[in-house]
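Summary of the model geometry
These are the residues of each chain, in order.
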Amino acid sequence: MRIPSEDSFTSRLRSAAVAARVGLWLGICFLVALATGLISHYAQVDHQPVPLPASPSWFYRVTQGLHVAAGTAAIPLLLIKLWVVFPKLFQPLPRQVREALPTALERGSIAVLVSTSIVQLATGLLNVAQWYPWGFSFRSTHYALAFVAVGALLVHIAVKLPIIRDALKGDVDDTSHDRPNAVRPGSVSRRGVLALAGTSAVAAAVLYAAGTVPGLSRIAALSPRSREHGIPINRTAHSAGVVAEASSAAYRLEVVHGATTRSLTRDDLVAMKQRTHILPIACVEGWSVAGEWGGVRLRDLLDLVGAPPGREVRVRSIQTFSASADTVLPPNFADDDRTLMALVLDGETLSMDHGYPVRLIAPDRPGVMQTKWVSRIEVLG
Ligand SMILES: Nc1nc2c(c(=O)[nH]1)N[C@H]1C(S)=C(S)[C@@H](COP(=O)(O)O)O[C@H]1N2
Ligand SMILES: [Mo]
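Computed from a prediction, not measured in an experiment: that's the story for all the values here.

1. Here we look at the site of ligand 1
Pro232, Gln319, His354, Arg359 and Lys372 are the nearest of the 19 residues found near ligand 1. Separating an oxygen atom of ligand 1 from a side-chain N or O atom of His354 is a distance of 2.5 Å. Within the side chain of Lys372, an N or O atom sits 2.6 Å from an oxygen atom of ligand 1. The protein chains hide 95% of the 530 Å² of surface that ligand 1 would expose on its own. The residue inventory of the shell around ligand 1, partitioned by class, reads eight nonpolar, eight polar and three charged.

Structure (structure tokens):
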């Protein structure tokens, strides 16, 4: 087989004018994904130096929805961008070492950019589909690679800036940056390719976003989940191995502050003052649904053990060995009126899969930190 040369690709669609435009949209998607990703990562840090605010309660829901929507939209854009610039892969290196070295470095940065972008979008997509066919931690890998991708992207933009600027200023059909033999018209126009890129990006984002809107979820290709009370279930009680303990008559919720411990049955909790709040569960995977939660305010439980306000609080699950087995609430969340130990969802006793006998629900937190099957509350510090 003969390796093609750059000149074997003659379509006039593979041009700087198209690459710059699709690249700009892709860059915007990456920027949105980066900003919202940093928020999501920080929101999951225990003992945050500066705690995130607990209001508005829908903030994480929006940023994480944007994160996954931007990542999903970037998939068709990246594929089209790669198709447009594909001939560059076969560009020979300059003969002179002095010129070849910078070119080689620049191509190296593009290799890093392309490979990390593919890994980020692919692992993100698989994460949305809840399929983890790898052995590494998704969160830390996705986080670390984001910086590698952004570094490579900045190098790429810096190197190409003059061409990008010029190409964006001119018309899409401008030929000044075209390769000399890239003249074959093809079956669609350059505007047609841009329209295809734009609509497929929007369609991908909509297909994903539909999964976050109750009632539209049947057309949501990317986020299928089983539901109870209209709220998806990520991990069932059975798969978490908590059914026996969660349904046992011996169940107690322990509230611990220093040497003071209170052990409460579910009936004890039901006998306390009940409150209801409408709060969303917003999963890092991008779906989010609001429910009407009823239960005991966490602050009331902290009062039972004489905990002063302004303390961090650790919440533990019956479940062990899971990223959700325990979580730390910063003081502003622990003391928030809306932070509940929920017993009821939409007017009915919490189902086993949604966290029976009691689960944590707090405003504006990633879903992964809304601990189900809570067994212990510890006042820290
Ligand atoms: N103990 C425990 N709590 C948990 C989980 C878990 O696996 N174990 N999953 C978390 C995740 S990732 C999310 S998005 C929410 C989902 O809550 P739901 O299943 O009630 O919708 O619960 C969180 N609480
Ligand atoms: Mo989640």
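Text resumes after the structure shown.
2. Comments concerning the domain arrangement of the protein
One can read the domain layout of the protein as domain 1 (6-219) and domain 2 (232-379). Relative to domain 2, the C-alpha centre of domain 1 lies at a distance of 39 Å. Linking domain 1 to domain 2 there are zero salt bridges. Scanning the region where domain 1 abuts domain 2 turns up nine residue pairs in polar contact (both at pLDDT 80 or more). Only α1 (16-43), α2 (59-85) and α3 (97-128) provide two or more residues apiece to the side of domain 1 that touches domain 2. For the side of domain 1 that touches domain 2, the leading source of residues is α2, giving six residues. For the side of domain 1 that touches domain 2, the per-class residue count stands at 13 nonpolar, 11 polar and two charged.

3. Some points on the pairing of strand β9 (residues 340-345)
Among the six residues of β9, five are classified as buried, and the element is accordingly described as predominantly covered. The sheet contact formed by strand β6 (residues 288-297) and β9 spans five bridges and is antiparallel. Note on β9: the bridge partner recorded for Gly295 is Ala342. In this structure, β9 lies alongside strand β10 (residues 348-349), joined through two bridges in antiparallel fashion. Of the residues in β10, the one forming a bridge with Val344 is Thr349.

So, how was this worked out
- Within each chain, residue numbers correspond to sequence positions counted from 1 in written order.
- Here chains are named by letter from A upward and ligands by number from 1 upward, in the order in which they appear as written.
- Reporting in this predicted model follows two pLDDT cut-offs: at least 70 for local features of residues, and 80 or more for side-chain atom pairs to be given and counted; totals over whole chains, interfaces and linings ignore these cut-offs and use all residues.
- Derived side-chain values reflect all non-hydrogen atoms in the structure, with water molecules and hydrogen atoms excluded from consideration.
- Working definition: residue near molecule or strand if any one of its non-hydrogen atoms lies within 4 Å of it.
- Within 3.5 Å is the distance limit for a polar contact, defined as a pair of N or O atoms, with the added protein rule that one can donate a hydrogen and the other accept it, and that residues adjacent in sequence qualify only through two side-chain atoms.
- Exposure was quantified through the Shrake-Rupley algorithm and a 1.4 Å probe, taking into account, for residues, occlusion by the shown protein chains and nothing else.
- In this count, Pro and Cys sit with the nonpolar residues alongside Ala, Val, Leu, Ile, Met, Phe, Trp and Tyr, while Asp, Glu, Lys and Arg are called charged and the others, Gly among them, polar.
- Note: domain ranges come from an automatic or database domain assignment.
- Counted as salt bridges are all cases of a side-chain nitrogen of Lys or Arg within 4 Å of a carboxyl oxygen of Asp or Glu.
- For helices the rule is a DSSP run of H or I covering at least 4 residues; for strands it is a run of E covering at least 2, with both sets numbered from the N terminus onward.
- Between buried and exposed lies partly exposed: a residue is buried under 20% and exposed over 50% of the maximum accessible area for its type, with that area taken using a 1.4 Å probe on protein chains only.
- Whether two strands pair depends on DSSP finding at least two bridges between them.

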